[in-house]
Amino acid sequence: QSQLAESGGGLVQPGGSLRLSCAASGFTLGYYAIAWFRQAPGKEREGVSCIGRSDGGGPRTYPDSVKGRFTISRDDAKNTAYLQMNSLKAEDTAVYYCAARPYAYCSGYESRNYDDWGQGTQVTVSS
């Protein structure tokens, strides 16, 4: 049985930073492309970053809403992925999810392309 578990969320002031972690158990994360998604109240889930397999060069993608502020990374030896979030804004408030698919590349942010999902971690940006 495979599992992803997010951690690192919390309350932060505008302009602050957080680092989220995504730990995999029951499978080898190094064989998967990894994405981070978020869902705010009343809004649909949206992708905020993705990284391909390390043996394919680990290509990274970001939507315009987070480009220059968020950075995705992975540590295959630790079976863990990360999302570094800087210069946080109130509109970044959401539940953040990690997802994985057993392919080399991300192929966009369509939820149906990702097989394994974590339970999410809450990020709240407020004064």
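A. Just the state of the cysteines, in detail. Under the counting rule described, the total for this entry stands at 2 disulfides. What pairs with Cys 22 in a disulfide is Cys 98, and their sulfur atoms sit 2.1 Å apart. One disulfide, between Cys 22 and Cys 98, carries an S-S torsion of -80° and so falls in the left-handed class. With a gap of 76 residues between them, Cys 22 in strand β3 (residues 18-25) and Cys 98 in strand β9 (residues 94-101) connect regions that are remote in the sequence. Side by side, Cys 22 and Cys 98 carry an identical accessibility label, which is buried. If you count the bonded cysteines of the protein chain from the N-terminus, they pair up as 1-3, 2-4.

B. Fine view of the pattern of salt bridges. Throughout the structure, instances matching the rule amount to 7 salt bridges. The salt bridge partner of Asp 92 is Arg 69, with a shortest N-O separation of 2.7 Å. Of this pair, Asp 92 sits in the loop between β8 (80-85) and β9 while Arg 69 sits in the loop between β6 (60-61) and β7 (70-75), placing them 23 residues apart in sequence. We note that Asp 92, like Arg 69, is buried. Through salt bridges with shared partners, one network takes in Arg 38, Glu 46, Arg 69 and Asp 92.

C. Just the packing of aromatic side chains, in detail. Inspection of every chain in the model, using the stated rule, returns 5 aromatic pairs. Aromatic side chains Phe 37 and Tyr 114 sit 5.5 Å apart centroid to centroid with 80° between the ring planes, which places their arrangement in the edge-to-face category. Placement of Phe 37 in strand β4 (residues 33-39) and of Tyr 114 in the loop between β9 and β10 (116-117) is noted, with a sequence separation of 77 residues between them. Its relative accessible area of 4% is what places Tyr 114 among the buried residues. When the ring of Phe 37 is compared with that of Trp 117, the centres are 4.8 Å apart and the planes differ by 45°; the resulting orientation is tilted. Of the two residues, Phe 37 is situated in strand β4 and Trp 117 in strand β10; the sequence distance between them amounts to 80 residues. Residue Phe 37 is classed as buried on the basis of its relative accessible area, which comes to 0%. The rings of Phe 37, Tyr 109, Tyr 114 and Trp 117 are connected pair by pair, giving a single aromatic cluster. In this structure, Arg 45 is placed above the aromatic ring of Tyr 97, and the distance from its NZ or CZ to the ring centre is 4.2 Å. Directly above the aromatic system of Trp 117 lies the positively charged group of Arg 45, at a separation of 4.6 Å from the ring centroid.

D. View of the pairing of β4. A large share of β4 lies buried, amounting to 6 of its 7 residues. Bridge count between β4 and β9: 7 bridges; the pairing is antiparallel. Within the sheet, the bridge partner assigned to Phe 37 lies in β9 and is Tyr 97. Summarising the sheet, β4 and strand β5 (residues 46-51) pair through 5 bridges and their orientation is antiparallel. Looking at β5, one finds that Trp 36 is bridged to Ser 49. The turn linking β4 back onto β5 is made up of 6 residues, and Gly 42 within it adopts a positive phi angle of 75°.

Rules used in this analysis
- Residues numbered from 1 in each chain as written.
- Predicted model: local features only at pLDDT ≥ 70, side-chain atom pairs only at ≥ 80, totals over all residues.
- Heavy atoms only, no water.
- Disulfide = S-S within 2.5 Å.
- Helix = DSSP H or I, 4+ residues; strand = E, 2+ residues; numbered from the N terminus.
- Buried < 20%, exposed > 50% of the residue type's maximum accessible area, 1.4 Å probe, protein only.
- Salt bridge = Lys/Arg side-chain N within 4 Å of Asp/Glu carboxyl O.
- Phe/Tyr/Trp six-rings, centres within 6.5 Å; stacked < 30°, edge-to-face > 60°.
- Lys NZ or Arg CZ within 6 Å of the ring centre and 35° of its normal.
- Pairing = 2+ DSSP bridges.

Any link to function would need more than the numbers given here.
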